[in-house]
Amino acid sequence: MSGLTCFCTRMQEAGDNVQLLEVAMEGMNAIPDPSNEEERKGCSGHISKLIISSNDQTNKIAMVAYVADSLKDQLNATEWMKAVCDTELGGGVGGAPDATSSATWATATISEDTANGKFYLKFKDNSLSAAINYLREKGLFIDDSDSDEGDNPAADFEW
């Protein structure tokens, strides 16, 4: 596999609003108007992605996962989201994918649950690592050190 097929990132401005994250994901996947070569927004519908946003006032995170058609046989959005929620990494994240989640689109909003040891400051950091680790386990995220796999465009991004 070569080139960027999946990525995970944070989006600051959405806070814990899953609807804003969904709009952002739809924008990322938009097909550009071919008649306007100056305006190239979107164009990443062929790349599977999970985006995370957090709100320090409400102690919640929101997440949206999208799986591109070309990866449907290797990746499931609901399972990806569930793996992030169920991770034990750094004390875990908690929560669960929303009931409306599907194989290609999944959402979740996670609230701090101190009674069960799920602390906001920990799970807001753990969620991104858990999402990337899930892709690694499936062989869909190439480590920068894997020289036999070629270049990893995802390893070169600085957000």
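Reading the values: rules and limits
Residues numbered from 1 in each chain as written. Predicted model: local features only at pLDDT ≥ 70, side-chain atom pairs only at ≥ 80, totals over all residues. Heavy atoms only, no water. Pairing = 2+ DSSP bridges. Helix = DSSP H or I, 4+ residues; strand = E, 2+ residues; numbered from the N terminus. Axes fitted to C-alpha atoms, helices over the stretch in contact; angles between N-to-C directions. Contact = heavy atoms within 4.5 Å. Buried < 20%, exposed > 50% of the residue type's maximum accessible area, 1.4 Å probe, protein only. Phe/Tyr/Trp six-rings, centres within 6.5 Å; stacked < 30°, edge-to-face > 60°. Disulfide = S-S within 2.5 Å.

## Looking at the sheet that holds strand E2 (residues 48-55)
Then, number 1: With mixed pairing, the four strands of this open sheet are ordered in space as E1-E2-E3-E4. Strand pairing shows two members of the sheet lacking a second neighbour, strand E1 (6-10) and strand E4 (105-111), which therefore form its edges. In this sheet, adjacent strand axes meet at a mean angle of 10 degrees when their direction is disregarded.
Then, number 2: Here strand E3 (residues 60-66) runs beside E4; their pairing, made up of seven bridges, is antiparallel. Looking at E4, one finds that Ala62 is bridged to Thr109.
Then, number 3: Along the sheet face, helix H3 (residues 120-137) touches E1, E2, E3 and E4 and points at about 170 degrees away from the line of E1.

## Observations regarding the pairing of E2
Then, number 1: Most of E2 sits out of view: seven of its eight residues are buried.
Then, number 2: Bridge count for E1 against E2 is five bridges, and the pairing is parallel. Of the residues in E2, the one forming a bridge with Phe7 is Lys49.
Then, number 3: In terms of strand pairing, E2 meets E3 through seven bridges, oriented antiparallel.

## Description of the packing of aromatic side chains
Then, number 1: Counted by the stated rule, this structure contains two aromatic pairs.
Then, number 2: With a centroid separation of 6.3 Å and an interplanar angle of 70 degrees, the aromatic rings of Tyr66 and Trp105 are classed as edge-to-face. Here the residue Tyr66 occupies a position in strand E3, and Trp105 occupies one in strand E4, the gap between them amounting to 39 residues.
Then, number 3: The exposure class assigned to Tyr66 is buried, which follows from its relative accessible area of 14%.
Then, number 4: A centroid spacing of 5.9 Å and a plane angle of 90 degrees characterise the contact between Tyr120 and Phe123, whose relative ring orientation is edge-to-face.

## Remarks on the state of the cysteines
Then, number 1: Scanning all chains against the criterion turns up zero disulfides.
Then, number 2: Not engaged in a disulfide, the cysteine Cys8 finds its nearest cysteine sulfur in Cys6; these two sulfurs lie 7.6 Å apart.

## Structural notes on the environment of Glu22
Then, number 1: For Glu22, the position within the fold is in helix H1 (residues 18-29).
Then, number 2: When its relative accessible area of 23% is taken as the criterion, Glu22 is described as partly exposed.
Then, number 3: Note: C-alpha distance between Glu22 and Ile51 (29 residues apart in sequence) is 9.2 Å.
Then, number 4: Setting aside residues no more than four positions away along its own chain, Glu22 makes contact with Val64, Trp105 and Thr107.

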